[in-house]
Amino acid sequence: MLDHGAPPHNGGPAAPHSEGTGMRLMRRKPVERLVAEGGRGEGGALRRSLGLWQLTMISIGATLGTGIFVVLGEAVPKAGPAVTLSFVIAGLTALFSALSYAELAGTIPVSGSSYSYAYATMGELIAWVCGWCLMLEYGVSVAAVAVGWGEYLNELLDGTIGVTLPAALSAPPGDGGIFNAPALIVVLLAMAFLLGGARESARANTVMVLVKIGALVLFCAIGVQGFRSGNYENFMPLGMAGVSAAGATLFFSYIGFDAASTAGEEARNAQRDLPRAILLSLAIITALYVLVAAVAVGAKPWRQFTDSEATLAQIMREVTGQSFWGTLLAFCAVVAIASVVLTVLYGQTRILFAMSRDGLVPKVFARVSPRTGTPRANTLIVSLFCGVLAAAVPLGQLADATSIGTLFAFALVNVAVVVLRRSRPDMPRSFRVPLSPLLPALGLGFCLWMMGSLSTVTWVVFGVWMAVGLVFYFLYGYRRSRLAAPAPSEAK
């Protein structure tokens, strides 16, 4: 039986140019080839400088803070006090997918994350669709989090010097402003760190992660003083539909754990450390999310939550009756959310790096600076795009668009782990999903269920995004894919 995942050989099938369209769309990139190309780019190579600690901090940095500091105020009105259950459901959905990510990250330790996993298991077209979803997931989430950063910056300025930025310069069109300057600024700051190198960015991120964990622990210690059990009397006022709707929005908060998998080509021991970093970070962030949400709802009646992105700072001020604690939390949130922007932006650039190396997007995204070992042009282009998006689009629309892209990519990962188990059962795996294929099937089912909970508008946006992506693929990637060329040319 022919193994379509095996590398071509002299007596093998005809060269790709003689294949039919269907065969070209289904062509897979061999795992061995993916791994062999690891780190190589145009004009240079990525540097392997990250260990377990840095990878875990990247994963936490890309995740912790987004749902709590930014989206909680929008999720509570959808689910009421049961928002804590929404976090658990979103975390459970993430866990099933995280197990699949952990197995594939240890087996295929490359930068492309689920895009590369799909390329090795389900073929080029599905890989492209997955990569296009990842662009939506990472690129849009950078913009969404940057919007929330601006809200906390205003809280900080108000609490320290008594002024705030005018609405015209701190909110996008549709939210009462003209241009969200703070959102653009934080993206440009993250860009500056990334241009300095992966190790330097990881160090900055570690400091910011420790600050954000300290801030959330502080919030719980103070917020619990205003806890009122009566706020939980009508636990599920909007029913299970509200819980699932909030969970779908809050799933946006869990996209970060897969950021570690985008660092596969810059990890010192990727096969050992990537699975550990993914699972460890998910456990930490889920526990903190649920704890903080429980304290927040206990300290403030759910009907009083507004769509302000600075929810936690407001609760701190209301509980203590003093502006100091709210201002302190706002400062921590400014630092914390900046780390999300930094690490998610990092993930986006590495996914485009992998897609560019495969020929599916322009090769400028795979150019590596010999001096810093980073894809500089890639980082500049992605940062400017995300910065403009953050400055011009309201947060709510960005968060839901990110959720659907994330859920679709995660669904494909759950399928990919089962396909690779069947097609390559003999491959060495540093981690194996327990109870496979049951748990990957549950992960797939949860992803589809939560996608169904998103609004019609979000689905329309997703459909348009997919259509644009397919047009780009057939006009560019289909004909320029490097799998269409003999393997030796890849080594040049």
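**Student:** For the pattern of salt bridges, give the residues involved together with the corresponding values.
**Tutor:** Applying the stated criterion to the full structure yields eleven salt bridges. Residue D358 is joined to K29 by a salt bridge in which the shortest nitrogen-to-oxygen separation is 2.3 Å. Separated by 329 residues along the polypeptide, D358 in the loop between α14 (323–357) and α15 (376–392) and K29 in the loop between α1 (21–26) and α2 (31–36) bring together distant segments of the chain. When sorted by exposure, D358 lands in the same class as K29, which is buried. Salt-bridge contacts for E32 lead to R424; the nearest nitrogen and oxygen are separated by 2.5 Å. Of the two residues, E32 is situated in helix α2 and R424 in the loop between α16 (395–423) and α17 (438–452); the sequence distance between them amounts to 392 residues. Residue classification places E32 among the partly exposed residues on the basis of a relative accessible area of 38%. Here R424 falls in the buried class, since its relative accessible area comes to 14%. Residues joined in a network through salt bridges with shared partners are K29, R33, E37 and D358.

**Student:** Please provide a residue-by-residue account of the confidence of the model for the protein, values included.
**Tutor:** Predicted confidence across the protein gives a mean pLDDT of 82, with 90% of residues reaching 70 or more. Note on residues 1–18: pLDDT is under 50 here. Beyond four places in sequence and across chains, it has eleven contacts. Low pLDDT, under 50, characterises residues 487–492; the stretch is placed with seven contacts to residues that sit more than four places away or in other chains.

**Student:** Any chance you could break down unusual backbone geometry for me, citing the residues and the numbers?
**Tutor:** Phi is mostly negative for residues that are not glycine, and the peptide bonds are mostly trans. In the segment running from S436 into P437, the intervening peptide bond is cis, with an omega of 10°. Considering the arrangement of structural elements, one finds P437 in the loop between α16 and α17. At S113, a position not held by glycine, the phi torsion is positive, near 55°. As for its position among the elements, S113 is in the loop between α5 (83–107) and α6 (114–121).

**Student:** Could you give me a rundown of helix α18 (residues 456–480), with the residues and numbers involved?
**Tutor:** In this model α18 runs 35 Å from its N-terminal to its C-terminal C-alpha over 25 residues, within 8% of the 36 Å that 1.5 Å per residue would give. Maximum bend of α18: about 50°, positioned at Y473.

What counts as what
- Every chain is numbered on its own, with residues counted from 1 as its sequence reads.
- Local features in this predicted model are restricted to residues whose pLDDT is 70 or higher, and side-chain atom pairs enter the listing and the counts only when it is 80 or higher, whereas totals over whole chains, interfaces and linings include all residues.
- Each side-chain value is worked out from all heavy atoms of the structure, with water and hydrogens disregarded.
- Salt-bridge detection follows one rule: a side-chain nitrogen of Lys or Arg within 4 Å of a carboxyl oxygen of Asp or Glu.
- Only DSSP runs of H or I with at least four residues qualify as helices, and only runs of E with at least two residues qualify as strands; both kinds are numbered from the N terminus onward.
- Only protein chains enter the accessibility calculation, which uses a 1.4 Å probe; a residue is then buried when its area is under 20% of its type maximum, exposed when over 50%, and partly exposed in between.
- Confidence of the predictor at the level of single residues is captured by pLDDT, which takes values from 0 to 100.
- Whether two residues touch is decided by their heavy atoms; if any such pair falls within 4.5 Å, the residues are in contact.
- To estimate how far a helix should extend, the number of its residues minus one is multiplied by 1.5 Å.
- Values of bend correspond, residue by residue, to the angle between axes fitted over the seven residues ending at that residue and the seven starting there.

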